Amino acid sequence: MSFIPVPAIDIIDGKCVRLTKGDYSQKKIYNEHPLEVAQAFEDAGIKRLHLVDLDGAKAGKVINWKVLETLTSKTGLEIDFGGGIKSVEAIAIVFESGAAFATVGSMAVKDPVLFEMLLLKYGAEKFLLGADVKGENIAIHGWTEETEVNIYAFLKQYLTKGVKHFFCTDIAKDGMMEGPSTDLYKSLLKAEPGINLLASGGIRHMADVVEMKEIGMHGAIIGKAIYEGHIALKELAALTA
């Protein structure tokens, strides 16, 4: 199985930003033009992009779909898009705007009946299921609401429903540049051997990315380490060669 490095672009007010621990008050703007960032990724040889509508995640509805539309029409990147996907209409907007995958988290926790209907309608392979965790429990709505849903049970539930693609973010690690949650990922891989799981949060440098590859992760979502200049895009792209 090839390893997929997935740079992230988080959007607030149409601009490329990063948060720390999911805190909207700890926002840093890196570029006011997400297309420039996406094109730089593509020019370096990157194939995939994780695009997050942080306004949408907070509001509970897709807001920055025009950014998605711009990136899918002006780059050849395979884009997964998430943030505020709570309805049939939102899913339709995301796919009509060119997303390869719809990233869903809160819906799968709060409205599993609707989510399972969408899996049947569009195909389970069209969804990237995000599990954002504090401890071993899942947090939703842009990380603002903690639940009692256990990450292990959550993954098992949707693997049996045919979902193919997952990512897991340890919120305590996100944006902190303190290293990924290696022990958590090893535990999840042991519990569900062969799961197609992307790491997310805490990656500092290439050694962290290589470690994720070596422990058997399918890929890694990388944000701040790229924007702060700790990881070169060419090095990331070379991992897929």
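Here is a short report on the structure shown in this document.

The rules behind each value
- Residues numbered from 1 in each chain as written.
- Predicted model: local features only at pLDDT ≥ 70, side-chain atom pairs only at ≥ 80, totals over all residues.
- Heavy atoms only, no water.
- Helix = DSSP H or I, 4+ residues; strand = E, 2+ residues; numbered from the N terminus.
- Rg over C-alpha atoms; globule rule 2.2 N^0.38 Å.
- Buried < 20%, exposed > 50% of the residue type's maximum accessible area, 1.4 Å probe, protein only.
- Contact = heavy atoms within 4.5 Å.
- Areas by Shrake-Rupley, 256 points an atom, 1.4 Å probe, with all protein chains shown as cover.
- Lys, Arg positive; Asp, Glu negative; His and termini not counted.
- Charge placed at Lys NZ, Arg CZ, Asp CG, Glu CD.
- Arc of directions from axis to C-beta.
- Phe/Tyr/Trp six-rings, centres within 6.5 Å; stacked < 30°, edge-to-face > 60°.
- Core = buried A, V, L, I, M, F, W, Y, C linked by side-chain atoms within 4.5 Å.
- Polar contact = N/O pair within 3.5 Å; in protein donor to acceptor, adjacent residues only side chain to side chain.
- Axes fitted to C-alpha atoms, helices over the stretch in contact; angles between N-to-C directions.
- Parallel < 35°, antiparallel > 145°, perpendicular 65-115°, else oblique.
- Left-handed = near helix turned anticlockwise from the far one by under 90°.
- Nonpolar A, V, L, I, M, F, W, Y, C, P; charged D, E, K, R; others polar.

**Let's talk about the overall build of the protein**
Then step 1. When you go through the protein residue by residue, the secondary structure sums to 11 helices and 12 strands.
Then step 2. Whereas a compact globule of 241 residues would reach a radius of gyration of roughly 18 Å, the protein reaches 16 Å, a difference of no more than 12%.
Then step 3. For the protein, the spread of C-alpha atoms along the principal axes amounts to about 40 × 35 × 35 Å.
Then step 4. Counting over 241 residues, the protein shows a buried share of 56%.
Then step 5. For the protein, contacts bridging at least 24 residues in sequence account for 65% of all contacts bridging at least 6.
Then step 6. Counting every atom, the protein has about 10200 Å² of accessible surface; 50% of that belongs to carbon and sulfur.
Then step 7. Measuring between centres, the 26 positive side-chain charges of the protein sit 1 Å from its 32 negative side-chain charges.

**A word on helix 6 (residues 112–122)**
Then step 1. Among all positions in helix 6, only L114, F115, L118 and L119 are buried. Buried residues of helix 6, seen end-on, are gathered within an arc of 145° and therefore sit on one face of the element. Away from its buried face, by an angle of more than 90 degrees, helix 6 presents the exposed residues V113, L120 and K121.
Then step 2. Those residues of helix 6 that are buried are in contact with helix 4 (88–96), strand 6 (101–104), helix 5 (106–110), strand 7 (127–134) and helix 7 (151–159).
Then step 3. Of the residues one or two after helix 6, G123 is the one with positive phi, at around 100°.

**Some points on the packing of aromatic side chains**
Then step 1. Applying the stated rule across the entire model yields six aromatic pairs.
Then step 2. When the ring of F95 is compared with that of Y122, the centres are 4.9 Å apart and the planes differ by 45°; the resulting orientation is tilted. In this pair, F95 sits in helix 4 while Y122 sits in helix 6, placing the two residues 27 residues apart along the sequence.
Then step 3. Residue classification places F95 among the buried positions, given a relative accessible area of 15%.
Then step 4. An angle of 70° between the planes, with centres 5.4 Å apart, marks the rings of F154 and Y158 as edge-to-face. Highlighted residues: F154 and Y158, both in helix 7, separated by four residues, approximately one helical turn.
Then step 5. According to the relative accessible area criterion, F154 is buried, its value standing at 1%.
Then step 6. Exposure remark for Y158: the relative accessible area of 0% places this residue in the buried category.

**Thoughts on unusual backbone geometry**
Then step 1. Even without being a glycine, D13 presents a positive backbone phi close to 55°.
Then step 2. Tracing the backbone shows D13 in the loop between strand 1 (4–12) and strand 2 (15–20).
Then step 3. Take D13: its relative accessible area is 56%, and that puts it in the exposed class.

**Here we look at the nonpolar core**
Then step 1. Counting residues in each nonpolar core, the largest one holds 70 residues, and the members touching the most others are I9, I85 and F115.
Then step 2. It is helix 7 that provides the largest number of residues to this core, a total of five residues.
Then step 3. Apart from residues lying up to four places away in sequence, I9 is in contact with C16, P34, V37, A38, F41, L49, H50, L51, V52, L71 and Y227.
Then step 4. In this structure, F101, F167, L198 and I221 belong to the second largest nonpolar core, which totals eight residues.

**Description of the environment of D170**
Then step 1. Residue placement: D170 occurs in strand 10 (residues 165–170).
Then step 2. In sequence terms D170 and K121 are 49 residues apart; their C-alpha atoms lie 30 Å from each other.
Then step 3. Setting aside its immediate chain neighbours within four residues, D170 contacts V133, S181, Y185 and S200.
Then step 4. Of note is the side chain of D170, whose polar atom sits 2.6 Å from the side chain of S181.

**A few points about the packing of helix 8 (residues 182–191) against helix 9 (residues 206–215)**
Then step 1. Orientation of helix 8 relative to helix 9, taken along the N-to-C sense of each, is 20°, at an axis distance of 11 Å. What the angle tells us is that helix 8 and helix 9 run roughly parallel. For the crossing formed where helix 8 meets helix 9, the hand is right-handed. Where helix 8 approaches helix 9, its residues T182, Y185, K186 and L189 are matched on the opposing element by E211, M212 and I215.
Then step 2. Tallied by class, the residues present in the contact of helix 8 with helix 9 amount to four nonpolar, one polar and two charged.

**A short note on the side chain of S200**
Then step 1. With respect to the secondary-structure elements, S200 resides in strand 11 (residues 197–200).
Then step 2. When neighbours within four sequence positions are excluded, S200 is seen to be in contact with F167, C168, T169, D170, Y185 and I221.

**Some words on helix 4**
Then step 1. Restricting attention to buried positions, one finds in helix 4 the residues A90, I91, A92, V94 and F95.
Then step 2. In the core, the buried residues of helix 4 are packed alongside helix 3 (65–74), strand 5 (78–82), strand 6, helix 5, helix 6 and strand 7.
Then step 3. Following helix 4 by one or two positions, G98 has its phi on the positive side, about 105°.

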